[in-house]
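# Results of the structural survey
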Amino acid sequence: MTKIKKEKTGEETGGTEKSYQELIANVNPIANPLATRKLSKKLYKCVKKAAKIKQIRRGVKEVQKFINKGERGIVVFAGDTLPIEVYCHLPIMCEDKNMPYAYVPSKVDLGSSAGSKRPTCVIMIKPHDEYQEAYDECLEEVTSLPKPI
């Protein structure tokens, strides 16, 4: 029985890598800068930590409102949101306010990392002392991503 379980675990880890490639195939043309697999995992973990202590803004309306108010943080977009017009104005707002942003391939994964059963297309992670190390690491990597033209 133990051997069967080990084989299943090996298959699951191989399936995760393949599913990431499939997710990238479904990404919008405006999803630039797209986070790498490693950065996506770090962003999901940071979102999860921030959601535990209620330090996130979720959804287009809420994120847009707080960007306009001048709140700071990392903005994470889901790359597979359709139609694009739902949130295509937000990256421009982020650039105007000098806020770092990145796209992750899946809105389902983004929503589940925030502790929700619903898919989420935009999340803003606010800085906080409790997860400052993870936040700073994500901030550094997101700002180093190449900006779209």
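Residues numbered from 1 in each chain as written. Predicted model: local features only at pLDDT ≥ 70, side-chain atom pairs only at ≥ 80, totals over all residues. Heavy atoms only, no water.

Taking an unreviewed UniProt entry as the reference, the chain is identified by name as H/ACA ribonucleoprotein complex subunit 2 belonging to Carassius auratus. Recorded under Sequence similarities (unreviewed entry), the UniProt text for the chain is reproduced unchanged: "Belongs to the eukaryotic ribosomal protein eL8 family." Under Subcellular location (unreviewed entry), UniProt gives the following word-for-word description of the chain: "Nucleus, Nucleolus". (UniProt positions renumbered as here; feature names shortened; annotations may be inferred.)

Scanning all chains against the criterion turns up 4 salt bridges. Note that Glu-137 is salt-bridged to Lys-42, the shortest N-O span being 2.9 Å. Of this pair, Glu-137 sits in helix H6 (residues 132-144) while Lys-42 sits in helix H2 (residues 37-52); the two residues are 95 residues apart in sequence, bridging distant segments of the chain. According to the relative accessible area criterion, Glu-137 is partly exposed, its value standing at 39%. Through salt bridges with shared partners, one network takes in Lys-42, Glu-137 and Glu-141. (Salt bridge = Lys/Arg side-chain N within 4 Å of Asp/Glu carboxyl O. Helix = DSSP H or I, 4+ residues; strand = E, 2+ residues; numbered from the N terminus. Buried < 20%, exposed > 50% of the residue type's maximum accessible area, 1.4 Å probe, protein only.)

On to the sheet that holds strand S2 (residues 74-78), then. If you walk across this open sheet you meet the 4 strands as S1-S4-S2-S3, and the pairing is mixed. Each edge of the open sheet carries a strand with a single partner, namely strand S1 (56-58) and strand S3 (101-104). The mean inter-strand angle of the sheet, taken between neighbouring strand axes irrespective of direction, is 20°. Relative to S3, S2 is paired through 4 bridges, and the arrangement is parallel. Across the sheet, the residue bridging to Val-76 is Ala-102, located in S3. Strand contacts of H6: S2, S3 and strand S4 (122-125), with the helix running at about 70° to S2, the strand carrying the most contacts. (Pairing = 2+ DSSP bridges. Axes fitted to C-alpha atoms, helices over the stretch in contact; angles between N-to-C directions. Contact = heavy atoms within 4.5 Å.)

What follows is about H2. Side chains three or four residues apart in an α-helix point the same way, a direct result of the helix having 3.6 residues per turn. Under the 1.5 Å per step criterion, the end-to-end length of H2 is 23 Å for 16 residues, consistent within 8% with the ideal 22 Å. Residues of H2 that are buried: Leu-39, Ser-40, Leu-43, Tyr-44, Cys-46, Val-47, Ala-50 and Ala-51. For H2, the angular spread of the buried residues around the axis is 165°, confining them to a single face. Relative to its buried face, H2 has exposed residues pointing more than 90 degrees away, namely Lys-38, Lys-41, Lys-45 and Lys-52. Just downstream of H2 lies Lys-54, where phi reads positive at about 55°. (Expected span 1.5 Å × (residues − 1). Arc of directions from axis to C-beta.)

Glancing now at the side chain of Ser-113. Within the secondary structure, Ser-113 sits in helix H5 (residues 107-113). Setting aside residues up to four positions removed in sequence, Ser-113 forms contacts with Tyr-44, Val-47 and Lys-48.

What follows covers the environment of Ser-106. Mapped onto the elements of the fold, Ser-106 is located in the loop between S3 and H5. Sequence spacing of Ser-106 and Phe-77 is 29 residues, and the spatial spacing of their C-alpha atoms is 8.9 Å. Other than its neighbours up to four places away in sequence, Ser-106 contacts Leu-23, Tyr-44, Ala-78 and Asp-80. Here the side chain of Ser-106 touches Val-108 through a polar contact of 3.3 Å, landing on its backbone nitrogen. (Polar contact = N/O pair within 3.5 Å; in protein donor to acceptor, adjacent residues only side chain to side chain.)

It is worth spelling out helix H3 (residues 60-69) at this point. Every buried residue of H3 is listed here: Val-60, Val-63, Phe-66 and Ile-67. Angularly, the buried residues of H3 cover 145° about the axis, an arc narrow enough to put them on a single face. For H3, exposure combined with an orientation more than 90 degrees from the buried face picks out Lys-61 and Lys-69. Where H3 is buried, its residues meet S1, S2, helix H4 (90-96) and S4. Just downstream of H3, Gly-70 is the residue with a positive phi angle, here 95°.

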